[in-house]
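Structural features, examined
In case you want the letters, here they are:
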Protein chains: 4
Amino acid sequence: MIETTVVEYKEVSPKDPVMIVGLPGIGLIGKLVVDHLISELKAEKIMEIFSPHLPPQVTVNADGTTKLVSNEIYFLKGNDKTPDLLLLVGDHQSATNEGHYELAGIYLDIAEKFQTKRIYTLGGYGTGKLMDVPHVLYATNNPDIIEEIKSYGPTFTEGELSGGIIGASGLILGLGELRGMEAVCIMGETSGYLVDPKSAQAVLSVLSKALNFEVDTKELEARAQEIEKIITKIKEMEETQLPKEYGAEDKYIG
Amino acid sequence: MIETTVVEYKEVSPKDPVMIVGLPGIGLIGKLVVDHLISELKAEKIMEIFSPHLPPQVTVNADGTTKLVSNEIYFLKGNDKTPDLLLLVGDHQSATNEGHYELAGIYLDIAEKFQTKRIYTLGGYGTGKLMDVPHVLYATNNPDIIEEIKSYGPTFTEGELSGGIIGASGLILGLGELRGMEAVCIMGETSGYLVDPKSAQAVLSVLSKALNFEVDTKELEARAQEIEKIITKIKEMEETQLPKEYGAEDKYIG
Amino acid sequence: MIETTVVEYKEVSPKDPVMIVGLPGIGLIGKLVVDHLISELKAEKIMEIFSPHLPPQVTVNADGTTKLVSNEIYFLKGNDKTPDLLLLVGDHQSATNEGHYELAGIYLDIAEKFQTKRIYTLGGYGTGKLMDVPHVLYATNNPDIIEEIKSYGPTFTEGELSGGIIGASGLILGLGELRGMEAVCIMGETSGYLVDPKSAQAVLSVLSKALNFEVDTKELEARAQEIEKIITKIKEMEETQLPKEYGAEDKYIG
Amino acid sequence: MIETTVVEYKEVSPKDPVMIVGLPGIGLIGKLVVDHLISELKAEKIMEIFSPHLPPQVTVNADGTTKLVSNEIYFLKGNDKTPDLLLLVGDHQSATNEGHYELAGIYLDIAEKFQTKRIYTLGGYGTGKLMDVPHVLYATNNPDIIEEIKSYGPTFTEGELSGGIIGASGLILGLGELRGMEAVCIMGETSGYLVDPKSAQAVLSVLSKALNFEVDTKELEARAQEIEKIITKIKEMEETQLPKEYGAEDKYIG
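What comes next is a walk through the structure.

Cut-offs used in this document
Residues numbered from 1 in each chain as written. Chains lettered and ligands numbered in written order. Predicted model: local features only at pLDDT ≥ 70, side-chain atom pairs only at ≥ 80, totals over all residues. Heavy atoms only, no water. Helix = DSSP H or I, 4+ residues; strand = E, 2+ residues; numbered from the N terminus. Buried < 20%, exposed > 50% of the residue type's maximum accessible area, 1.4 Å probe, protein only. Contact = heavy atoms within 4.5 Å. Areas by Shrake-Rupley, 256 points an atom, 1.4 Å probe, with all protein chains shown as cover. Lys, Arg positive; Asp, Glu negative; His and termini not counted. Charge placed at Lys NZ, Arg CZ, Asp CG, Glu CD. Phe/Tyr/Trp six-rings, centres within 6.5 Å; stacked < 30°, edge-to-face > 60°. Pairing = 2+ DSSP bridges. Axes fitted to C-alpha atoms, helices over the stretch in contact; angles between N-to-C directions. Least-squares fit on C-alpha atoms with pLDDT ≥ 70 in both. Salt bridge = Lys/Arg side-chain N within 4 Å of Asp/Glu carboxyl O. Patch = residues over 30% accessible without salt bridge, like charges linked within 9 Å, V, L, I, M, F, W, Y side chains within 5 Å. Buried area = accessible area lost by both parts, 1.4 Å probe. Polar contact = N/O pair within 3.5 Å; in protein donor to acceptor, adjacent residues only side chain to side chain. Nonpolar A, V, L, I, M, F, W, Y, C, P; charged D, E, K, R; others polar.

On to the overall build of chain A. When helices and strands are tallied, chain A shows six helices and twelve strands. Here the C-alpha coordinates of chain A stretch approximately 55 × 45 × 35 Å along the principal axes. A total of 254 residues make up chain A; the buried ones form 63% of that total. Summarising the internal contacts of chain A: among those between residues at least 6 apart in sequence, 76% fall at separations of at least 24. When the accessible area of chain A is evaluated, it comes to approximately 9700 Å², of which 47% is carbon and sulfur surface. Side chains of chain A give 23 positive and 39 negative charges; the mean places of these two sets differ by 4 Å.

Moving on: the packing of aromatic side chains. Residues and elements named next belong to chain B. One pass over the full model with this rule turns up four aromatic pairs over all chains. On the numbers, 6.1 Å between centres and 55° between planes, the contact of Tyr138 with Phe156 is tilted. Of this pair, Tyr138 sits in strand β9 (residues 136-140) while Phe156 sits in the loop between α3 (146-150) and β10 (158-161); the two residues are 18 residues apart in sequence, bridging distant segments of the chain. Across this residue pair, the class does not change: Tyr138 and Phe156 are buried.

Moving on: the sheet that holds strand β4 (residues 57-60) of chain A. In space, the three strands of this open sheet follow the order β5(A)-β4(A)-β11(B), with antiparallel pairing throughout. Looking along the sheet, the strands with just one partner apiece sit at the ends: β5 (66-68) of chain A together with β11 (165-166) of chain B. Contacts between helix α4 (residues 168-178) of chain B and the sheet are confined to β4 and β5 of chain A together with β11 of chain B, with β5(A) contributing the most and set at about 80° to the helix.

Looking now at the relation of the copies chain B and chain A. To go from the first copy of the chain to the second, apply a rotation about an axis and then a shift along the same axis. Least-squares fitting of chain B to chain A yields an RMSD of 0.0 Å, with the transformation described by 0.0 Å of translation along the axis and a rotation of 90°. The operation mapping one copy onto its partner corresponds to a four-fold rotation axis. Taking the C-alpha atom as reference, chain B places Thr96(B) closest to the rotation axis, 6.9 Å from it. When you check the interface residues of chain B against chain A, a mere 4% turn up at the interface there too, and the two sides of the contact use different surfaces.

Further remarks concern the pattern of salt bridges. In total, this model carries 60 salt bridges over all chains according to the counting rule given. In this structure, Arg118(A) engages Glu148(A) in a salt bridge whose closest nitrogen and oxygen atoms are separated by 2.8 Å. With a gap of 30 residues between them, Arg118(A) in strand β8 (residues 118-126) and Glu148(A) in helix α3 (residues 146-150) connect regions that are remote in the sequence. One salt bridge connects Lys117(D) with Asp16(D), and the closest N-O pair in it is separated by 3.7 Å. Taken together, the residues Lys117(D) in the loop between α2 (97-113) and β8 (118-126) and Asp16(D) in the loop between β1 (5-8) and β2 (18-22) connect sequence positions 101 residues apart. Asp16(D) sits in the partly exposed class, given a relative accessible area of 42%. One continuous salt-bridge network, built from bridges that share partners, spans Lys45(A), Glu48(A), Lys67(A) and Glu72(A).

On to the relation of the copies chain D and chain C, then. Laying chain D over chain C is done by rotating through 90° and shifting 0.0 Å along the axis; what remains is an RMSD of 0.0 Å. A low fraction, 5%, of the interface residues of chain D reappear at the interface in chain C, so the copies pair through non-equivalent surfaces.

Take a nonpolar patch on the surface next. Residues Leu130(A), Tyr193(A) and Leu194(A) make up a contiguous nonpolar surface patch of roughly 320 Å² in combined accessible area. Checked against the element boundaries, Leu130(A) lands in the loop between β8 and β9 (136-140).

A common measure of how large an interface is: the accessible area buried when the components associate. Between chain D and chain C, the residue contacts involve 40 residues of the former and 56 residues of the latter. Both faces considered, chain D and chain C share a buried interface measuring about 3900 Å² in area, 62% of it formed by carbon and sulfur atoms. One can count zero salt bridges joining chain D with chain C. On inspection of chain D and its partner chain C, the count reaches nine residue pairs in polar contact (both at pLDDT 80 or more).

With 56 residues of chain B in contact, the opposing surface of chain A contributes 40 residues. Here chain B and chain A share an interface that buries about 4000 Å² over both sides, 62% of which is from carbon and sulfur atoms. Ranking the residues of chain B by area buried against chain A places Asn97(B), Tyr101(B) and Ile166(B) at the top, with a combined share of 19%. Connecting chain B to chain A are zero salt bridges. Between the two partners, chain B and chain A, sit nine residue pairs in polar contact (both at pLDDT 80 or more). Counting only elements with at least two residues in the side of chain B that touches chain A, the list comes to α2 (97-113), β8 (118-126), β9, β10, β11, α4 and α6 (218-239) of chain B. Among the elements that take part in the side of chain B that touches chain A, α4(B) stands out by supplying nine residues, more than any other. When the residues that make up the side of chain B that touches chain A are grouped by side-chain class, the tally is 24 nonpolar, 24 polar and eight charged. Pairing between β4(A) and β11(B): two bridges, direction antiparallel. Within β11(B), the position partnered with Val58(A) by the bridge is Ile165(B).

With that out of the way, let us pick up the pairing of strand β6 (residues 71-76) of chain D. Two faces belong to every sheet, and in a regular strand the side chains alternate between them. All names here are of chain D. Of all six residues that make up β6, six are buried, and the element is covered over most of its length. Along β6, one buried face is formed by Asn71, Ile73 and Phe75 and the opposite face, lined by Glu72, Tyr74 and Leu76, is buried too. Sheet topology note: the strand β3 (residues 44-50)/β6 ladder contains five bridges and is antiparallel. Residue pairing across strands places Ile49 opposite Asn71, the latter belonging to β6. Pairing analysis gives six bridges linking β6 to strand β7 (residues 85-90), with the strands arranged antiparallel. Counterpart to Leu76 in the pairing with β7 is Leu85.

What follows is the structure, given as C-alpha cells:
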C-alpha cells in the first residue's frame, strides 16, 4: 500500500450532517465518547480509511481474527430533533508528521463530500490533577459561533490551551478554516494518567445539548475499564520486547 | 537506489503454493524456523528484495565479503503430501513506517503472482516469563479456517494479542485481507529476553502438521546459539559507538 | 494538505527590500525581535505559509479561536532613511529534515520574487552562562560585506560557531549563497536557559544601526515574560500526557 | 531545495581512476585520512553534493563566512606509479534512512561516470578498547580480489564485523555490487571514544601500499586534535540548547 486508501462500504445521502470526531488522545476521551455513541445509537459503518501513515499493525479480535488498523466513518440518520451524524473513530492517529496533515485533509474531503455543516472534534485537556467535576472547554475556528457553543456548557478562559491543540482534533479546525468549514473542539479536563469516563461523560453531556440527542451513559464506565485493561496489557508487552540488536525493530513484534 | 527493487534470479512455476514468512521479530522465532527450513529442506533462492526502507547497511560474511541487506524468497517444490512452498526471510524489517506498508504490499504482490493459496507468518509472543512448554497461538484474517488451524495445535484465548500484531507478520494478514488473500499468523510464546529455539520448535511442529512435512530439528538449537552470539557482539559494538557530535550518526559506523 | 501552501493576502511592490527573519531558536531571540518590530512599527501581514512539514497543530487565541501553525510574512514600507522591509516570523520551524530544506527554499523564493537585496536572519548563540552584556555575533555568506557588517557592532572570533548554524537561520545563508543571494546571520549571546530580552535588545540594536530605524524597546521585556509564561505552561502540559500505549501518540493531545 | 543537487565546478577526464571515500564515522578515521590526502597531495575540488537529506545546517569558517553542509569530490591526477584519484569527503552523512540509499546511489553514479575501477571506503571498527597497534580490517564485495587486498596489510577474521557495516562505507559496497562495481572497505580498529590519528595512520599505510603513493603523515596528529577540539565545543553547545517546548526543535539553534 503506497497511498492512503478510502474504502466505501455503503452509499448514503446525509442531509446537512454534523461530523463528530473521536480519535485517540489524552485520556482517550474522544474515542470513549464516539465509540459509545456508535454502540448505543447503533450507527452504521459506511467507510474505512487505511494508510501507510498509520502504524504498521493489525488489531486482533476476541476470536483471533485480525483487522488492519484504520479510521472508520459511521453514519446515523437523524430525526426531527437531531441532525444526521457522521462519526469518525479509530485506534490510532498518524505515526508520521506529514501523515497527520494528509489524513486531516482526507477527513475534511469526506466531510465536504457530504456537505457537512459543522465538525465537532472531541478530546481531553490534561491537567495533571484528578478532579471530581471535570470542566469542559471549547475552541473553534469560527468566532461567530462562540456564544452558541457556550450555551451548551463548555467554557474557555484566556491562558487555557496555551500549548495549542495537537493532532487531528486541532488540525481539523486549522485546515477546516482554510476550506471555510466550521469546526469546534470540545475537550474534557482530565488528569492524563488514566482513561477517564467521568470526563467523557461531561463531554458527552455538552454534545447531547448541542445536537439534541439523549443517550444512556451507563456503559461508559464499563467501556473505560475495558480499555484500561487493554492498555495495561500493552504496557506489559512492551516491557518484554527484545532490544533492538535482535533484529527486531523497536516496537515490532513480528 | 530510490525505489524498492525486486531482483528475480530464477523463474519457477509453483502450483498452488503456500508462502511461509519468517522475518525478524520477538525471540527471532520466525526467522529461526524459516532459516532452518531453507537449510534442512534445501530450498532454492529465486528472488531478492532490496529497499531504501531497509536499514542502510551490508552484512559481512565469514570470508569478509559483503551483502546488501535484503529480504529473500526461496522456493521448494512439494510432493504428493506437501504443497509447493515459497519462503520469505531476511535480517531486517523496514526501518520506516511507510516502508512497512510498501514492503508488505510487495510480499503480497509476489504471493499473488504465484497464485499463493495461503500465507503463514511466523513470530513470537512475548510474555516476559521463561517457560518450559511454550504455547503456540494463532491469528488469522479468515474466520472460516479457524477450526482447521486449531486442528494443527495452536490456540487462541480472548484477551491474548490485545496489543495487536505489529510489523510484517501482522500487516501481511491485514493488507492480505483487503486483497482477498488468506493468511495465518503462528506465534510461539517466548520470554522475549533471548533467541528461543524451544519456542521455534513448537511453531515448527504446528507448521509441520499444517503442511505435512517432516524436518529434523536437531540444528535448531545450534542455530539459535549462533544468532545469540552475533547479537551479543552487536550489543557490545553499539556500546562503543561515538556519540552523535562526532559527526557519526547515531547508528552509523561508517 | 499534501504540499506546502503559500497564501497571498495582499499584493505589494517593495522596492529593494531587506528581509528580516525571526523564527524560533535558542533563547527565542530572533522571534522576540521580529515580533517586536512587527508590533511597534505596525507592519502588515501579506503572506502566510502552511506546510505538512510544520508540527500538526493549531495555536489557540485568547478568545478560544484557533489558527493553524504557520510562518507569516509582513511588509513595512520604508522611508528615505530605512529600506522597505519584509519580516518573516512563526511559532515553529520544520519538524522534518527535508522540510527544513523545502521551507528555506520557499523563503528564498519569496525573497527573490520581491528582488530582496539582503536577508538578515536573527538568532541566539547558546553559551550556557548568564551574562550582563550579551555580545552580538555575525556570520555571512558574502565575504565582501564583512567590514560593513562589523561597522554595525557585531563581531566574529575564530572558533565561535564551530558547531555551525542549524535550522532556518543557517540554511537561508547556505541555500541563499547557491542562488547568489546575500544573507547575514546576527546572533545574540544567551545562556540558552530562558527567553532572553537583553540579548534580543542587543541584536535589535545592531539591526537598527544596519537599517537606520529607531524603535522603542520598552515592550521587549514584557513580551519576553509573556513567552516565558506560555513555555512554562507547555512544559507542565507535556508532563501530564498519557504514555504512548494509550493510543495517543507521543506529543499528540487530540 | 527539494532534491539532491550535484554541482560540477570543473570538468576532468580521469583515466581508470580509483575513488577513495572518507565520510564521518567511528573515530572519524575515514574523514581524517581523506582530508589529509586532499591537503597533502593538493587535490582539486571538482564537484559538490547538496541534499535535503543532509542535516539542515551551515558550517562557519574562520572568518565568519558560511557554507551549506555538503559532500565534496576532489580529483588528483596520478603518475606512472599511482592511479588518478577521486576523493569523496564531507562533514555529514545522511540524516534520513532513504537519504543514505539515495546518496550512496549518487556516489556510485559519479564513480560510474568517470569509469572508476575500484572504490575504497575508509572507516573505523569500534572495539571499546584503547590499543597501541591498531589492527586494520578489510571487507569487500568481490571475493576475487581478497588475496590482493590482504597483500596490502589488512586482515579479516571470521566473526569480525558481525554487526555489518552501517552507513555509506557499507552501502557503497552493497549497492556497488548490484551495479558490478568493485569496492573495498578498509577499517582501522579504534576505541570509539575519540578521534584516532593512530588508527588513521594505520589505514593510510594500507592505502599507500595499495595505491603506490607516499604521503607525509606528520600533520595527521595535529588534524586529529583540531577535530577533537571542535567536537568538545559542539558537545558543550548541545548541552545549552533550550528544551523543545521553547519552540526550538531539538537540534536546532536558529
